[in-house]
Amino acid sequence: MITFQHVSKTYPNGVRGLVDIDLTIGDGEFVSIIGLSGAGKSTLLRSINRLNDITEGEILIDGRSITRANKRELKLIRRTIGLISQQFNLVKRSTVQRNVLSGKLGYYSNVKSILGLFSREDYALCTQVLEKVNLSDKLHERCDNLSGGQQQRVSIARTLFQEAGIILADEPVASLDPATSQEIMAELRSINQSMDKTVIVNIHSIELARKFSDRILALQDGRLVFDGPPAALDDDVLRMVYKGDSFLQEDRRGRP
């Protein structure tokens, strides 16, 4: 469970990235976050694993404060949180296998990580997660020989190999064509349902958010202005979110 308690983020230039966010995301939910560019979507998502530090409030992961965690505690919490990004974040000249194995660097000492001394069990798990994303035939392929969709599948496999209970996906389909975007979102939904992973996705596509999510959050100027099921995301809400109507005109945050 992920809990935001009166969370705000103010950048050094005075811009407010998040404003008084109170929010709970339960285990196994598939949540999409929508809103205009600059609305605070990435700030919210990346605050969950503390890639963005907040300035007020507290964030709890399964009851543990990631906000107040020391270096060692933060490393342990981050093991449970996988991140998939628009840029894939792969070492392109390395093999698929090596990139997936990097998902557990946090479990190994620096010496073992540098030397690539992974356990036999981890090599077996690497093969299993690649089968899960239909890339078992690419085990020894260099990542720069793969298509964009295949590279994103490697990123997904890496989070599965990490055995993270939470998967954060920051614009995972922004650089992909529409057909491949559907495939990647379907893959994330399948993982969410079959493996009971909590999946949180920042996404610009309303169509994809409606199709694959259990729940949609909408941000406007750092404020949470909508929180509900896809069926409740009607034209009035979309007009409020994307055309700048004041969130104060109507409070749409209550979930049915």
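Residues numbered from 1 in each chain as written. Predicted model: local features only at pLDDT ≥ 70, side-chain atom pairs only at ≥ 80, totals over all residues. Heavy atoms only, no water.

1. Overview of the overall build of the chain
How we decide: By definition, any uninterrupted DSSP run of H or I lasting at least four residues is a helix, any uninterrupted run of E lasting at least two residues is a strand, and each is numbered from the N terminus. Note that the radius of gyration is over C-alpha atoms, with the globule rule given as 2.2 Å times the number of residues to the power 0.38. A simple rule labels every residue: compare its accessible area, found with a 1.4 Å probe on the protein chains alone, to the largest value its type can have, and call it buried under 20%, exposed over 50%, or partly exposed in between. In this description, contact between two residues means that some pair of their heavy atoms is separated by no more than 4.5 Å. Asp and Glu count as negative and Lys and Arg as positive, but His and the ends of the chain are not part of the count. By convention, the point assigned to a charge is CZ for Arg, NZ for Lys, CD for Glu and CG for Asp.
Counting its secondary structure elements, the chain contains 9 helices and 10 strands. Taken over the C-alpha trace, the chain has a radius of gyration of 19 Å; the compact-globule value for 256 residues is 18 Å, and the two agree within 12%. In terms of overall dimensions, the chain has a C-alpha envelope of 60 × 45 × 35 Å along the principal axes. For the chain, the residues scored as buried account for 52% of the 256 residues in total. Partitioning the intrachain contacts of the chain with sequence separation of at least 6 by distance along the chain shows that 69% fall at a separation of at least 24. Each charge sign in the chain was given a centre, from 34 positive and 32 negative side chains, and these centres are 7 Å apart.

2. Topic: the environment of Ile2
Looking at the element boundaries, Ile2 is found in strand 1 (residues 2–10). The spatial distance from the C-alpha of Ile2 to the C-alpha of Gly82 is 14 Å, given a sequence separation of 80 residues. Ile2 has contacts with Leu23, Thr24, Ile25, Ile48, Ile59, Leu60, Ile61, Ile166 and Ile200, leaving out every residue within four places of it along the chain.

3. Observations concerning the packing of helix 5 (residues 120–132) against helix 6 (residues 148–161)
Stated formally: For helices, the fitted axis covers only the stretch in contact; all axes are lines through C-alpha atoms, and the angles between them, taken along N-to-C directions, range from 0 to 180 degrees. Small angles under 35 degrees read as roughly parallel and large ones over 145 as roughly antiparallel, with 65 to 115 read as roughly perpendicular and the rest as oblique. By the definition used in this description, the sense in which the near helix is turned from the far one sets the handedness, with an anticlockwise turn below a right angle giving left-handed and a clockwise turn giving right-handed.
In contact at an axis separation of 9 Å, helix 5 and helix 6 are set at 135 degrees when each is read in the N-to-C sense. Here helix 6 runs oblique to helix 5, going by the angle between their axes. Pair helix 5 / helix 6 crosses with right-handed handedness. Residues Asp122, Leu125, Cys126, Val129, Leu130 and Lys132 of helix 5 pack against Ala157, Leu160 and Phe161 of helix 6.

4. Comments concerning the sheet that holds strand 4 (residues 56–61)
Selection rule: Only strands joined by at least two bridges in the DSSP assignment are considered to pair.
Reading across the sheet, the 4 strands line up as 2-1-4-5 and stay open at both edges, with antiparallel pairing between neighbours. Of all strands in the sheet, those bounded by a partner on one side alone are strand 2 (16–25) and strand 5 (64–65). With 2 bridges joining them, strand 4 and strand 5 adopt antiparallel strand pairing. By the bridge assignment, Ile61 is partnered in strand 5 with Arg64.

5. Observations concerning unusual backbone geometry
Phi angles above zero are rare outside glycine, and His6 is one such case at about 50 degrees. The residue His6 is located in strand 1 in this model. According to the relative accessible area criterion, His6 is partly exposed, its value standing at 48%. Even without being a glycine, Asp62 presents a positive backbone phi close to 50 degrees. If you trace the backbone, Asp62 turns up in the loop between strand 4 and strand 5.

Worth remembering: the numbers are spatial, not functional.
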